[in-house]
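# Geometric and topological summary
One letter stands for each residue in the lines below.
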Amino acid sequence: MICEKCGSLMNHYYDDLTEGWTCPNCGWGLVTSNMQESKLDDIKYEIYLIPGNEPSMDNIKLLSKITGYNYLAAKKMLTCTEPTLIYHTSYEAATVRTTAQIAKHVTDLLKDAGISYTITPDLPDKY
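First, a word on what this report is: a plain description of the structure on this page. Fair warning: this is a prediction, and the values are worked out from it, not measured in the lab.

Below, the discussion takes up helix α2 (residues 57–67). Among the residues of α2, those classed as buried are Asn 59, Ile 60, Leu 62, Leu 63, Ile 66 and Thr 67. Seen along its axis, α2 keeps its buried residues to an arc of 165°; they face one direction. Opposite its buried face, α2 presents the exposed residues Asp 58, Lys 61 and Lys 65, each directed more than 90 degrees away. Tucked into the core, α2 has its buried residues touching β4 (46–49), α3 (71–78) and α4 (100–113).

Have a look at this one:
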């Protein structure tokens, strides 16, 4: 893009919720909003642990961090014999009902640790 004020080539930038162009020569620029769909998603998600997870110290620590539960409660969740809903104090009271952004973060942590889970409804691939 060419600067309307001085004719120089402008630099494009993207900063979380905005993007725009700025002129390195005269400083003129323009900006617009660029909302990520995951930040606008108001669907409620539920994340369940699936039976068969390894109750290793690292997995117990991770689940404790995600849920806010102590060691014994996190270990019990990992050794469940049926799908177990994950809880967290920053989520709605009784279930893990998150925005897409938080649900994506939690499922990425679980996936990286090799912890089996399921999420309802499925997160769109675009997230």
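From this point, the narrative continues.
Reading across the sheet, the 3 strands line up as β5-β4-β6 and stay open at both edges, with antiparallel pairing between neighbours. Where the open sheet ends on each side, the last strands, each with one partner, are β5 (84–85) and β6 (117–120).

Turning our eyes to something else, we now look at the sheet that holds strand β3 (residues 29–33). With respect to topology, 3 strands assemble into an open sheet ordered β1-β2-β3, the strand pairing being antiparallel. Since the sheet does not close on itself, it has two edges, and those belong to β1 (11–15) and β3, each with one partner. Averaged over all pairs of adjacent strands, the angle between their axes in this sheet comes to 15°, without regard to strand direction. Looking at chain direction, strand β2 (residues 18–22) and β3 are connected through 5 bridges and run antiparallel.

Along the chain, Pro 24 turns up in the loop between β2 and β3. Spatially, the C-alpha atoms of Pro 24 and Cys 3 are 9.4 Å apart, while their sequence positions differ by 21 residues. Those residues in contact with Pro 24 that sit more than four places away from it in its chain are Leu 9, Met 10 and Asn 11.

Right, let's get into unusual backbone geometry. Backbone phi values are negative for most residues with the exception of glycine, while trans is the configuration of most peptide bonds. Cis peptide bonds are those with omega within 30 degrees of zero, and the linkage from Thr 120 to Pro 121 qualifies with -15°. Following the sequence through the fold, Pro 121 ends up in the segment after β6.

Moving on, we get to the packing of α2 against α3. At their nearest, the axes of α2 and α3 sit 8 Å apart, and the two run at 110° to each other. Overall, the two elements α2 and α3 adopt an arrangement that is roughly perpendicular. Contact residues: Met 57, Asn 59, Ile 60, Leu 63, Ser 64 and Thr 67 in α2; Tyr 71, Ala 74, Lys 75, Met 77 and Leu 78 in α3. Counted by class, the contact of α2 with α3 contains 7 nonpolar, 3 polar and 1 charged residues.

The rules behind the values
Residues numbered from 1 in each chain as written. Predicted model: local features only at pLDDT ≥ 70, side-chain atom pairs only at ≥ 80, totals over all residues. Heavy atoms only, no water. Buried < 20%, exposed > 50% of the residue type's maximum accessible area, 1.4 Å probe, protein only. Helix = DSSP H or I, 4+ residues; strand = E, 2+ residues; numbered from the N terminus. Arc of directions from axis to C-beta. Contact = heavy atoms within 4.5 Å. Pairing = 2+ DSSP bridges. Axes fitted to C-alpha atoms, helices over the stretch in contact; angles between N-to-C directions. Parallel < 35°, antiparallel > 145°, perpendicular 65-115°, else oblique. Nonpolar A, V, L, I, M, F, W, Y, C, P; charged D, E, K, R; others polar.

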